[in-house]
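The residues making up each chain are set out below.
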Amino acid sequence: MDKQDKPKLKLAVYWGAACGGCCVSVLDVHEKLFDVVAAADLVFWPIALDIKYSDVEAMDDEHIDVTLFNGAIRNSENEHMAKLLRKKTKILVAYGSCSHLGGIPGLANFSDREEIFDRVYHKSESTVNPEGTIPLTEHNVPEGTLALPKFYNDVLTLDQVVVVDYYLPGCPPQTERLLEVFMAIVTNAELPPKGSVIGASNKSQCDECDRIKTDKKTVKRFFRPWEIEDDGKTCLLEQGVICMGPATRSGCGYRCIKGNAPCRGCYGPHEGIIDPGAKMMSSIATMIDSNDPAEIERIVESIEDPAGTFYRFSLPSAILRRKLIIHN
Ligand code: SF4
Ligand code: SF4
């Protein structure tokens, strides 16, 4: 068939609980956008196109070829759209850290719905709410019933709600990787088995990183990045700065480390790692320069916010999953 006669791919982009960065990263293709629109029709993209949910509901099942779903599942609207788009889509891609692992919104699993509402609607310094009003899922007014999505207790990953075909990691995914994956789909190139992480490598950031690693025990204290003068050459972890490189999948071109900032783990754990926090604890243990239990304890205690650091992008997908909160 002539290339011009080839039917265009039907592409959708949707966001759940997300910051918007993933949607913007799609636009980061710059002039390659012309290649994208030559090969694909965008049939749904709330950030850019005025297409209603009812239009999606009216589509035949599997009408959409590819949906890039970014954002975690935080409320009933996110879950409804995840299930609807699953039904309407041939290839559903968890696009970005939040849909892949829970991402930054997933850190809310260190609290629960009650704590979050209490902080936001009662206790925050900027809140004026003398009647203690909190959002309700339904409220009757003379004109009818107003509805809001239900705010869930837990932040979930996309695959905790629907079956996901592929995962494209990153916060946000690197645009070059998105283009590679997109062109592979357009040209009917052989894709990896369903359920695979695509647009990334199976190795760790440390495998790609060109900083000098000595494998010696070098750390007497851990630091936040601004507390040391980085020499620009030595492994950040060996300088005492927590870098998630050992527990993180490569594929981003170790872009933070190239900018002299530690990896925060947005590509998620690489193959063979069940839990990024457990992996980081074992990596850190090899760095500590002491055999004295009391000193080791002091060194470990110098790690600021270990749970929030080790699970910054991955809490809902990790074994830990959430903090258990018991209310009296
Ligand atoms: S820990 Fe970070 S800085 Fe050190 S080698 Fe790994 S990725 Fe590079
Ligand atoms: S270096 Fe780490 S935090 Fe930075 S983009 Fe890559 S995976 Fe994400």
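The structure presented is a predicted model; accordingly, all values stated were derived computationally and were not measured.

Draft legend 1. Molecular detail of the overall build of the protein. Of the regular secondary structure elements, the protein holds twelve helices and ten strands. In the protein, which comprises 328 residues, the proportion classed as buried is 46%. Accessible area for the protein stands at about 17,500 Å²; split by element, carbon and sulfur atoms hold 54% of it. Between the mean site of the 37 positive side-chain charges and the mean site of the 47 negative ones, the protein shows a separation of 3 Å.

Draft legend 2. Expanded view of the site of ligand 1. The environment of ligand 1 is made up of Cys-206, Cys-209, Arg-211, Lys-213, Cys-235, Leu-236, Leu-237, Cys-243, Gly-245, Pro-246 and Ile-257. A majority-of-atoms criterion places ligand 1 in the second largest pocket.

Draft legend 3. Summary view of empty space enclosed by the protein. On inspection of all chains with the given rule, the structure shows three cavities of 30 Å³ or more. Space inside the largest cavity adds up to approximately 100 Å³. Forming the walls of the largest cavity are Leu-11, Val-26, Val-29, Leu-33, Val-36, Leu-42, Trp-45, Leu-68, Leu-178, Leu-179 and Phe-182. Listed by contribution, the elements that provide at least two residues to the lining of the largest cavity are helix H2 (33-39) and helix H7 (175-186). Looking at the lining of the largest cavity, the element that brings in the most residues is H7, giving three residues. Of the residues assigned to the lining of the largest cavity, the class counts are eleven nonpolar, no polar and no charged.

Draft legend 4. Summary view of the sheet that holds strand E2 (residues 40-44). The strand order across the open sheet built from six strands is E2-E1-E3-E5-E9-E10, with neighbouring strands paired in parallel fashion. The open sheet has two free edges, formed respectively by E2 and strand E10 (196-197), since each of these has just one partner strand. Taken together, the four bridges between strand E1 (residues 9-15) and E2 define a ladder with parallel strand orientation. Within E2, the position partnered with Lys-10 by the bridge is Asp-41. Of the strands in this sheet, E1, E2, strand E3 (64-70), strand E5 (89-95) and strand E9 (166-168) touch H7, which is tilted by about 145° from E1.

Draft legend 5. Broad picture of unusual backbone geometry. The omega torsion of the bond from Cys-171 to Pro-172 falls at -5°, within 30 degrees of zero and hence cis. One can find Pro-172 in the loop between E9 and H7.

Draft legend 6. Fine view of helix H10 (residues 276-285). For H10, the complete set of buried residues consists of Pro-276, Gly-277, Met-280, Ser-283 and Ile-284. Burial along H10 is one-sided: seen end-on, the buried residues are contained in an arc of 120°. Of the surrounding elements, those touching the buried residues of H10 are helix H12 (306-310). The N-terminus of H10 is capped by Asp-275, whose side-chain oxygen sits 3.1 Å from the backbone nitrogen of Gly-277.

Draft legend 7. Fine view of the pattern of salt bridges. Per the counting criterion, the structure on display carries 14 salt bridges. For the salt bridge of Lys-8 with Asp-41, the shortest nitrogen-to-oxygen distance reads 3.2 Å. Highlighted residues: Lys-8 in the segment before E1 and Asp-41 in strand E2, separated in sequence by 33 residues. Residue Lys-8 is classed as partly exposed on the basis of its relative accessible area, which comes to 34%. Between Lys-220 and Glu-295 there is a salt bridge, and its shortest N-O distance comes to 3.4 Å. Here the residue Lys-220 occupies a position in the loop between helix H8 (205-208) and helix H9 (255-258), and Glu-295 occupies one in helix H11 (residues 293-301), the gap between them amounting to 75 residues.

Calculation notes
- Residues numbered from 1 in each chain as written.
- Chains lettered and ligands numbered in written order.
- Predicted model: local features only at pLDDT ≥ 70, side-chain atom pairs only at ≥ 80, totals over all residues.
- Heavy atoms only, no water.
- Helix = DSSP H or I, 4+ residues; strand = E, 2+ residues; numbered from the N terminus.
- Buried < 20%, exposed > 50% of the residue type's maximum accessible area, 1.4 Å probe, protein only.
- Areas by Shrake-Rupley, 256 points an atom, 1.4 Å probe, with all protein chains shown as cover.
- Lys, Arg positive; Asp, Glu negative; His and termini not counted.
- Charge placed at Lys NZ, Arg CZ, Asp CG, Glu CD.
- Near = heavy atom within 4 Å.
- 1 Å grid on protein atoms, 1.4 Å probe; cavity = no way out; pocket = protein on both sides within 12 Å on 5 of 7 lines; lining within 4 Å.
- Sits in = over half its atoms within 2 Å of the grid points.
- Points joined across faces, edges and corners; volume = space filled by probe spheres on them.
- Nonpolar A, V, L, I, M, F, W, Y, C, P; charged D, E, K, R; others polar.
- Pairing = 2+ DSSP bridges.
- Contact = heavy atoms within 4.5 Å.
- Axes fitted to C-alpha atoms, helices over the stretch in contact; angles between N-to-C directions.
- Arc of directions from axis to C-beta.
- Polar contact = N/O pair within 3.5 Å; in protein donor to acceptor, adjacent residues only side chain to side chain.
- Salt bridge = Lys/Arg side-chain N within 4 Å of Asp/Glu carboxyl O.

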